[in-house]
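Close look at the chain arrangement
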Amino acid sequence: MPERSGPGFRRRVGPPSRRARVALLTLGVLAVLFLLFVMFAGFWTDWLWFRSVHYSSVFTTQLWTKIGLFAVFGLLMAVIVGFNIWLAHRLRPPLSAMSVEQQSLDRYRAGLAPFKRWALIGISLVIGLVAGAAASGQWRTWLMWTNATSFGEKDAQFGMDVSFYAFDLPFYEFVLGFAFSAVIVSLLTSALVHYLYGGLRLQGPGRRASAGAQGHLAVLLGVFVLLKAVAYWLDRYALAVKTGSYKGVSGWTGLRYVDANAFLPAKTILFFVAIICAVLFFLTPIRRTWAPALIGLGLMVLSAVLIGGLYPAIVQQFQVKPNEQAKETPYIQKNIDATRQAYGIADAQTVPYSPQGSTTADALKPDAQTIADIRLLDPNIVSPTFQSLEQQRNYYAFPSTLDVDRYGTGTGKQDTVIGLRELDLNGVQRNWINDHFKYTHGYGAVVAKGNQVDDRGQPVFTESGLPATGSLGDYEQRVYYGEKTTTYSIVGGSNKEIDYTDPKTGQNAEYTYSGDSGVSLSNPITRAAYAVRFAEPQILYAGAITDGAKVIYNRTPKERVEKVAPWLSIDADPYPVVQDGRVVWVLDGYTTSDGFPFSSKTTLGAATKDSLTNQRGELLAVANQVNYIRNSVKATVDAYTGEVKLYQWDEKDPVLKTWMKAFPGTVEPKADIPQSLLPHLRYPQDMFKVQRDLLGQYHVTDANSFFNGSDIWQVPVDPTSDTKQVQPPYYVTVRMPDTNAASFSLTSTFVPNQRPNLAAFMAVNADPGDDYGKIRILKMTGESGAPGPGLVQSKFNSRQEVASQITLLKSGGDSELEYGNLLTLPVGNGLLNVEPVYVRGRGAKYPTLQKVLAVYGDDNVAFENTLEDALKKVFSGAAPATTPTAPSTAGNGTTPTSPATPTPTGPATPAPGGTISPELQKALTDAGKAYNDSQTAFKNGDWVAYGNAQKALGDALKAAEAARGAGPAPTPTATPTGAASASGSPSPHP
C-alpha cells in the first residue's frame, strides 16, 4: 500500500472531533468516579467491620476527631494565610516605580488580574488542606489532652503533675508548631505578593519596601518572635523529658546539673529577650524604621548563642567536670527513682544469694515442687513434633512456637504446652473457592504435659486427636481466628465448608458457619466495596456467595485487638486458652507514654528482641521510644466467633483511665473477667523483657554506685541458639528462697557486663493473685562464682564423657542435636541448670528428647536418659541417711516436722457417736498413700516423684480439711500420722 505522503497529501491537524471529546470526557469522569469509589470502599468496609465486632464507637470517635481537627486547623490555616495574602494585596502601593524589574512584573500582574479572587481561594484551600491533613494525624494527642487524668505524682524539678508532661505538653507543642507553620507560610506568601505588586523592590531608586509592606511584614516577624518566646518557656519544661546519652544509658532522660543550672536559667532569660524583641517589631510600623527591631533580633540571636550555648558549655567544663560525681548525683538519683517508678520496677526486691556447690536432703525438701515441675518440653522446639504427630491433615498446622499454660486442678495442675491446630492453605490445591469458601478454619487444641515425655522421647498428650479428646472436656473446637489465619473467608449461607476428615470413614465432614462474626454480603454495594478492598472482582458475581453469606477478615488475634484498641501496644505472643467450652486467645495490652519526666527512654523493639524473635515473627512496637509502660489491659479473642473483649487489668493506670474516657464503654472492669479464665492469665513476656532490660542498670538504686558504673548487668546470649541474640525468658514453676511455695513464674538470668559468670537470677510471679507481678532478684555474691548460661553450656560440652555420648547421638553425622531451653532454678540453696537435649535423625520430621543435661554447682554434671537419673546423679550427696522428716505440703507454707513412724493406712473408724463422711475417708486415705509415696521417693532419691507426691499430699490434706468442715467431727482410729497437716500439725486431726 503506497505511503500517503508527498505534495498532494495534507495531514489533517486540528482539534479532536466531538465524538473524541465526549469519549475522553467520559473516561475522565469514570476514572474520577472509580477513585472516589475506591476511597468510599475503604471507609465503608471499615465501618461495617467495626460494627460487626460491636466497636463502632471506636470508629466514630476516631472519625469525628480526625474530621474535627482537619476542619478546625485546616480552616484556621486557610483563613490566616488567606487573610495575609489579601492584606498584602490591599497594602500594595498605588503606582509602581518605573523600572526594568517592575516592567517585567507587569505581565504577571496583568495575567493574574482576572483570576485574583480564585487564586486567593485556591491557594488558601490547598494550604488549608495540607495543614488539616497533618492536624488530623494528631487525634491521639487531642484525645489525651481533652481526657487527661492526673497521675497523682509530681516531677522532681518543677513540681508539675506527670500528666502535664504526658498529656498537656505534647498538645501545647503541637499547637505551637502549627502556629509557627501558619506564620512562616503567611510571611512567605505575603512577601511574594508584596514583591509582585511593588511593595518590595530589589532594584530601582528609593525605598526598597513600602510603608504598608514594612508594617505588615514587621508584625508577622513580631508574631514569629513572640511564638519563639513561648517556645523558650515550654522548653524549660521539656528539659524534664529531654533525651540524651549518659553513663551508658542511650535514652537518658531528664535534667542534669548543667540543664538545671545553665540551660534552665538561659531559657528563662531568652524568654524575656524574645518578648522585648517582639515588642520592637510591633513598634516598627509606628517608628517607620527597622533598625531597633533588627538590633533586637541580633541581640536575641547573640544571646541564644552565648547564654544558650556558650554559657552551659563553660558550666560543664569548669564546674561539672572537676567534680562531676558530686554535681550529678542528685540528678542521677532523680532519674533512677523516676525510671524505676515508670517501668513498674520500683518494688523489685533484690537480695544477696550465695549458691552452694552441693546440697543436702533437708535443703532440697522445700523445693520439691520446683523439681517435680521442671519443664522438659521446650515449646520452641516441639512444634514439628506436634505437627507430625497431631497435624492429621495437610491443611492444618501449628505455630512455630507453642505456648505454656497451666491446666488441671489440685495434683493434676501442671505446666502444659498447648497449640491450636490452625488452618494452613499451603496444604491444599490453591484456587479461589478452596482458599476462601471450602477451607476456612482449623480444628482443636493439642495439649501435652510440660514435665514429661514418653519412653520414645515424645510428648505425653493430654488432649489430642481429631476431633480432639482428652482432659479439656467438650468445647467448640473450630478455629476461625488464629495466628496463622491471615486471609479472608466467605462463610454462612448455603456454603458447605470442609470441617475435618472423619478418621473412621475417611470422608470429609462438612459444616456451615453459624457464628455471629462477619459482614453480610447481601447488599450489592457492599459486595462491590469488598471486591475493591480485596482486589477480587469475583466477589461481585460469584454464584458461590448465596443469601446469608458473610465475609470474615482481620482474623489474627493481634490485628483484631490492635484495630479495636488503636491506643494499645499489643504483646507479640498471644496464647490460646480453653475455658467454659470455648477456645479464646489471650493477649496483653500495654499503655505507654514518652512523657514521664526524668524516666529514661527505651526502644520497645530493641528491648523485646531475643533469640526467638525470628520464630515468632513480630516485635512489640518496633520503633516506639517510651519511658512509661503498664500492662493495663487483658484482651480475649474468641477463636470461633472472633468476639473481642477488653478487660481493665491495672486499675490505677492514669493512661488507661484517659483512654477509657476517650473511648467509653470499650474496656470492661476487672471484676468482669470470667473466673474460669483468671487462672490462665499470666505475666506478659514483653513487659518482663522491657523491665529486665532496664534492670540491667537500674537494679542499682544508689546514685553514687550508678555513677561509678561498676555493677552493670546484661541479659546473656542464648547458648542454645545460633542467632547470637539474648536468651528469652522462660515460664517455669519455681520457689524463690523467701517464699514458702513454688509458683508459676517468668524467669531470666543476668551476667556482668562483658563477663560470663552469673550476676543475678530474676523471677516475677506470673500467677494472678496477691503476689502477682512481684519481681524478685537473687544477686550473686562476689565469691559465689556461679556460672552463667554460656559457661554452663561450655561446661556441658567440654566434658569428655558427654562429648563421647554426643558423638554417639549424632551417629557419625547422620543425626542432628537440638538443645532445648536452658533453665536456671534456685534449688537446695544452690543453682540447678537443666537442659533437655533433642535428637533429629536423618530424614526425621521432628526431634525427640533423648537426653537431659543437669548441672549443679561446679562439678556436679549429669547427662542422662531421663530427668530422674540426671537429678539422682547431681544430687547424689543429698540422699537421706535416716528416716526422713515429714515433708511440707505444697503450697501451704508450713514447716516440716518430725513425725512418728507412720502407721498403715486403712479405713478411718469414727469415734462412738460420730460418723465419717465418704469424702473425708477418701481424703485421709489419699493423704496416707501420698505420704508413703513421698517417703519411698525420698529414700530412692527420686526428686521428681517426691515432688509429685508432695503435691498429692497437700491436696489430700486440703480435701480433708474441707470435708471435716462440711460434716460432724469424727475421730479416726487410724490416720497417716506421718503426714503434715494443712495447719502444720504432724497429722490431720479432724
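The shown structure was predicted, so the numbers you read here are calculated from the model rather than taken from an experiment. (Residues numbered from 1 in each chain as written. Predicted model: local features only at pLDDT ≥ 70, side-chain atom pairs only at ≥ 80, totals over all residues. Heavy atoms only, no water.)

**Brief notes about the overall build of the protein**
Per the secondary structure count, the protein includes 27 helices and 34 strands. Looking at the protein as a whole, 52% of its 990 residues are labelled buried. For the protein, long-range pairs separated by at least 24 residues make up 68% of all intrachain contacts whose partners lie at least 6 apart in sequence. Put simply, the protein shows about 43,000 Å² of open surface, and 56% of that area lies on carbon and sulfur atoms. (Helix = DSSP H or I, 4+ residues; strand = E, 2+ residues; numbered from the N terminus. Buried < 20%, exposed > 50% of the residue type's maximum accessible area, 1.4 Å probe, protein only. Contact = heavy atoms within 4.5 Å. Areas by Shrake-Rupley, 256 points an atom, 1.4 Å probe, with all protein chains shown as cover.)

**Re the packing of aromatic side chains**
Taken as a whole and judged by the stated rule, the model has 51 aromatic pairs. Geometrically, the ring pair formed by Phe 151 and Tyr 628 is edge-to-face, given 5.6 Å between the ring centres and 75° between the ring planes. One end of the pair, Phe 151, is in the loop between helix H5 (139-146) and helix H6 (162-196); the other, Tyr 628, is in strand E23 (residues 628-638), with 477 residues separating them in the sequence. Among the residues examined, Tyr 628 registers a relative accessible area of 3% and is labelled buried. Taking the centre distance of 5.2 Å and the plane angle of 40° together, the rings of Trp 713 and Phe 750 count as tilted. Of this pair, Trp 713 sits in strand E25 (residues 713-714) while Phe 750 sits in strand E27 (residues 743-752), and the two are 37 residues apart along the sequence. In this structure Trp 713 comes out as buried when scored by relative accessible area, which is 5%. What links up through ring pairs into an aromatic cluster is the set Phe 73, Trp 142, Trp 145, Phe 158, Phe 164, Tyr 165, Phe 171, Tyr 172, Phe 174, Phe 178 and Tyr 237. Above the plane of the ring of Tyr 237 lies Arg 236, whose end atom (NZ or CZ) is 5.4 Å from the centre. (Phe/Tyr/Trp six-rings, centres within 6.5 Å; stacked < 30°, edge-to-face > 60°. Lys NZ or Arg CZ within 6 Å of the ring centre and 35° of its normal.)

**Things to note about the sheet that holds strand E16 (residues 519-520)**
Spatial ordering of the open sheet is given by E13-E17-E16, a layout of three strands whose pairing is antiparallel. A strand with exactly one partner marks an edge of an open sheet, and here the two such strands are strand E13 (489-492) and E16. In the sheet, E13 pairs with strand E17 (residues 549-552) via four bridges, with the strands oriented antiparallel. Bridge pairing links Gly 492 to Ala 549 in E17. (Pairing = 2+ DSSP bridges.)

**Quick look at the confidence of the model for the protein**
For the protein, the average pLDDT comes to 85, and 87% of its residues sit at 70 or higher. Confidence, expressed as mean pLDDT per element, reaches its minimum in the protein at helix H27 (residues 943-965) with 69 and its maximum at strand E24 (residues 644-648) with 97. (pLDDT = per-residue confidence, 0-100.)

**Things to note about the pattern of salt bridges**
Summed over all chains, the structure comprises 27 salt bridges. Residue Arg 456 is joined to Asp 454 by a salt bridge in which the shortest nitrogen-to-oxygen separation is 3.7 Å. A relative accessible area of 54% places Arg 456 in the exposed class. With its nearest N and O atoms 3.0 Å apart, the salt bridge here joins Lys 689 to Asp 610. Of this pair, Lys 689 sits in helix H21 (residues 685-698) while Asp 610 sits in the loop between helix H18 (604-607) and helix H19 (613-616), placing them 79 residues apart in sequence. You'll find Lys 689 and Asp 610 in the same group, each marked buried. The network of salt bridges with shared partners includes Asp 46, Arg 533 and Lys 563. (Salt bridge = Lys/Arg side-chain N within 4 Å of Asp/Glu carboxyl O.)

**Things to note about a nonpolar patch on the surface**
Together, Leu 24, Leu 25, Leu 27, Val 29, Leu 30, Val 32, Leu 33, Leu 36 and Met 39 make up an exposed nonpolar region whose accessible area comes to about 920 Å². Note that Leu 33 resides in helix H1 (residues 18-52). Looking at Leu 33, the relative accessible area reads 48%, which means it is partly exposed. (Patch = residues over 30% accessible without salt bridge, like charges linked within 9 Å, V, L, I, M, F, W, Y side chains within 5 Å.)

**Looking at the layout of surface pockets**
Considering only enclosed or pocket space, the largest pocket measures out at about 960 Å³ in volume. Along its surface, the largest pocket is lined by 29 residues, and Gly 344, Arg 630, Asp 650, Lys 652 and Tyr 772 are the ones closest to its centre. Breaking the lining of the largest pocket down by element, the ones donating at least two residues are helix H10 (324-342), E23 and H21. Per-element tally for the lining of the largest pocket: the top contributor is E23, with three residues. (1 Å grid on protein atoms, 1.4 Å probe; cavity = no way out; pocket = protein on both sides within 12 Å on 5 of 7 lines; lining within 4 Å. Points joined across faces, edges and corners; volume = space filled by probe spheres on them.)

**So, the nonpolar core**
Core analysis: the largest hydrophobic core is formed by 151 residues, its most contacted members being Trp 567 and Leu 646. Top contributing element to this core by residue count: H6, with 15 residues. Setting aside anything within four residues of it in sequence, one finds Trp 567 in contact with Tyr 590, Thr 591, Val 633, Leu 656, Trp 659, Phe 663, Thr 666 and Val 667. Ranked by size, the runner-up nonpolar core spans 32 residues in total, among them Val 827, Ala 862, Leu 871 and Phe 875. (Core = buried A, V, L, I, M, F, W, Y, C linked by side-chain atoms within 4.5 Å.)

**Observations concerning the sheet that holds strand E6 (residues 414-420)**
Taking strand neighbours across the sheet as the criterion, the five strands line up as E5-E6-E9-E10-E11 in an open arrangement whose pairing is antiparallel. Each edge of the open sheet carries a strand with a single partner, namely strand E5 (403-407) and strand E11 (469-470). Strands in contact with helix H13 (residues 383-390) are E6, strand E9 (445-453) and strand E10 (459-464); relative to E10, the strand with the most contacts, it is inclined by about 55°. (Axes fitted to C-alpha atoms, helices over the stretch in contact; angles between N-to-C directions.)

**A short note on unusual backbone geometry**
Cis geometry marks the peptide bond from Leu 466 to Pro 467; its omega dihedral reads -10°. Tracing the chain through its elements places Pro 467 in the loop between E10 and E11. Of note, the phi angle at Gln 392 is positive, near 70°, even though the residue is not glycine. Relative to the elements of secondary structure, Gln 392 occurs in the loop between H13 and strand E4 (396-397). What makes Gln 392 partly exposed here is its relative accessible area of 35%. Positive phi, close to 65°, is recorded for Asn 829, a residue that is not glycine. Looking at where Asn 829 falls in the secondary structure, it is placed in the loop between strand E31 (823-827) and strand E32 (830-840).

**Overview of the pairing of E9**
Bridge count between E6 and E9: five bridges; the pairing is antiparallel. When the sheet's bridge partners are listed, Val 417 is paired in E9 with Ala 448. Taking the residues between adjacent antiparallel strands as the criterion, E9 and E10 are bridged by five residues, where Gly 457 takes a positive phi near 80°.

**Here's the deal with H21**
The first and last C-alpha atoms of H21 sit 19 Å apart over 14 residues, in line with the 20 Å expected at 1.5 Å per residue. Counting buried positions along H21 yields 13 of 14 residues, so the element is predominantly enclosed. (Expected span 1.5 Å × (residues − 1).)

**Quick notes on the side chain of Asn 627**
Tracing the sequence through the fold places Asn 627 in the loop between strand E22 (625-626) and E23. Residue Asn 627 is classed as buried on the basis of its relative accessible area of 0%. At a separation of 2.8 Å, a polar atom in the side chain of Asn 627 contacts the main-chain carbonyl oxygen of Phe 596. Excluding residues that lie within four positions of it along the chain, Asn 627 makes contacts with Thr 253, Ala 342, Tyr 343, Ser 593, Asp 594, Gly 595, Phe 596, Ser 599, Ser 600 and Lys 601. (Polar contact = N/O pair within 3.5 Å; in protein donor to acceptor, adjacent residues only side chain to side chain.)

**Considerations on the environment of His 699**
If you trace the backbone, His 699 turns up in the loop between H21 and helix H22 (703-708). Separated by 349 residues in sequence, His 699 and Thr 350 have C-alpha atoms that sit 7.9 Å apart. Beyond its immediate stretch of four places on either side in the chain, His 699 contacts Arg 340, Asp 711 and Trp 713. A polar contact is formed between the side chain of His 699 and the backbone oxygen of Asp 711, at a distance of 3.0 Å.

**Examining helix H17 (residues 557-564)**
Within H17, burial applies to Pro 557, Lys 558, Arg 560, Val 561 and Val 564. Along H17, the residues classed as buried sweep out an arc of 165° about the axis, all on the same side. Looking at the packing, one finds that the buried side of H17 touches H1, helix H2 (56-90), strand E18 (569-570), strand E20 (582-593), E23 and E24. (Arc of directions from axis to C-beta.)

**Focus on the packing of H1 against helix H15 (residues 524-533)**
Across the interface, H1 lies against H15 with an axial gap of 9 Å and an inter-helix angle of 105°. By the criterion of interaxial angle, the relationship of H1 to H15 is roughly perpendicular. Contact residues: H1 offers Phe 37, Val 38, Phe 40, Ala 41, Gly 42, Trp 44, Thr 45, Asp 46, Leu 48 and Trp 49, while H15 offers Ile 525, Thr 526, Ala 528, Ala 529, Tyr 530, Val 532 and Arg 533. (Parallel < 35°, antiparallel > 145°, perpendicular 65-115°, else oblique.)

**Remarks on the packing of H6 against helix H7 (residues 211-238)**
Following both chains from N to C, one finds H6 and H7 inclined at 160°, their axes separated by 10 Å at the closest point. The orientation of H6 with respect to H7, classified from their angle, is roughly antiparallel. For the crossing formed where H6 meets H7, the hand is left-handed. Looking at the contact of H6 with H7, its residues break down into 23 nonpolar, five polar and two charged. (Left-handed = near helix turned anticlockwise from the far one by under 90°. Nonpolar A, V, L, I, M, F, W, Y, C, P; charged D, E, K, R; others polar.)

**As for the environment of Arg 236**
Topologically, Arg 236 is positioned in helix H7. Placed 23 residues apart in sequence, Arg 236 and Asp 259 show a C-alpha to C-alpha distance of 9.3 Å. Look past the residues within four positions of Arg 236 in its chain and what remains in contact with it is Phe 158, Leu 264, Lys 267 and Thr 268.

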